[in-house]
Amino acid sequence: MSAYRTGDPLGRRRFLTAAALRGATVIGTGALSTGALSTGALGTGVIGATALGAVDADAAFAAPIRPLDPAVAESAFAEGRITAINHDVLEVAGSYGDHSRVRVTNATSVWKARATTAADIETGDGLYARGLPLPDGTLAADAVWVNIVNLHATIRGIEKTRLHLAHGQHEIVGNLMARTTSASYGDASPTADLSRLAIGQSAQVLGAWRPSDGSVDLVRVAVAPGAGRRR
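All of the points below concern the structure found in this document. (Residues numbered from 1 in each chain as written. Predicted model: local features only at pLDDT ≥ 70, side-chain atom pairs only at ≥ 80, totals over all residues. Heavy atoms only, no water.)

Across the eight residues of strand β7 (residues 126-133), seven count as buried, placing the element largely inside the fold. Pairing geometry for strand β2 (residues 76-86) and β7, over six bridges, is antiparallel. Opposite Phe77, over in β7, you have Arg130 as the bridge partner. In this sheet, strand β8 (residues 139-146) lies alongside β7 in antiparallel orientation, the contact comprising seven bridges. Each residue of the ladder has a partner; that of Pro133, found in β8, is Leu139. Here β7 hands over to β8 after five residues, with Gly137 in that stretch at a positive phi of 95°. (Buried < 20%, exposed > 50% of the residue type's maximum accessible area, 1.4 Å probe, protein only. Helix = DSSP H or I, 4+ residues; strand = E, 2+ residues; numbered from the N terminus. Pairing = 2+ DSSP bridges.)

Right under this line is the structure:
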């Protein structure tokens, strides 16, 4: 299995970055059945998501926390590419050649460029999940981040609906999403004003990879203090 406890040395950023760069091969189009999720199949395996930590996009990259409640087990993680969906269980091929099974229900928090439901999860998606290991070897997920990426890139081009980004030797198209994409300038709070983004800026990009074409839906673009001028 690729599920691992908080102390293990697996580099999460390496997987999440690689997801955006590995190409646009889609394994399938099967979506999770909402009927399967409504049964609450985890029973007592489900705990409140906040017991294991936050569930927003930034939480995927934060250091794991130890639960304050001694009755709550330490969280575990799983990552990889979803190869099949069997009712409420996601079959996941890990990036190190291993395999894990991630169980989701209507109690699982799901992020896919925004807060959403498990019905939006598809085969071919990249997955990063946090939860508790069950006796049958599955990971009972309290939070799942789908196709999330965190890239350090350089802005090479700016269009009305997209940014052209360079990450090492890779060229990436970043999709600007109305009412979703924000910019962060230095230590200032994120804003919907993207006018200070400029060609040549170094940026940290948080978003969701699109397996269909290899582009990234941009959630936040963070640049250094004072970088860029209004265009």
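Moving on: the packing of aromatic side chains. The description of an aromatic ring pair uses the distance of the two centres, along with the angle that the planes make with each other. Taken as a whole and assessed by the stated rule, the structure comprises two aromatic pairs. Geometrically, the ring pair formed by Phe77 and Tyr128 is stacked, given 5.5 Å between the ring centres and 10° between the ring planes. With Phe77 in strand β2 and Tyr128 in strand β7, this pair connects stretches of sequence that are 51 residues apart. Comparing Phe77 with Tyr128 shows no difference in burial state: the two are buried. (Phe/Tyr/Trp six-rings, centres within 6.5 Å; stacked < 30°, edge-to-face > 60°.)

Here we come to the nonpolar core. Of all hydrophobic cores here, the largest spans 19 residues; its most connected members are Leu163, Leu165, Leu197, Leu218 and Val221. Contributing elements (two or more residues each) for this core: β9 (148-158), β10 (162-167), β11 (170-176), β12 (182-185), β13 (202-209) and β14 (216-223). The residues touching Leu218, leaving out its near neighbours within four places in the chain, are Leu163, Leu165, Gly174, Asn175, Leu176, Met177, Thr180, Thr181, Val205, Leu206 and Gly207. Ala78, Val102, Val104 and Ala118 belong to the second-largest nonpolar core, a separate cluster that totals 17 residues. (Core = buried A, V, L, I, M, F, W, Y, C linked by side-chain atoms within 4.5 Å. Contact = heavy atoms within 4.5 Å.)

What follows covers the pairing of strand β4 (residues 99-103). Pairing between strand β3 (residues 89-93) and β4: five bridges, direction antiparallel. Residue Glu91 lies in a different strand from β4, and its bridge partner there is Arg101. As judged from the two bridges shared by β4 and β8, these two strands associate in the parallel manner. Paired with Arg103 across the bridge in β8 is Ala140.

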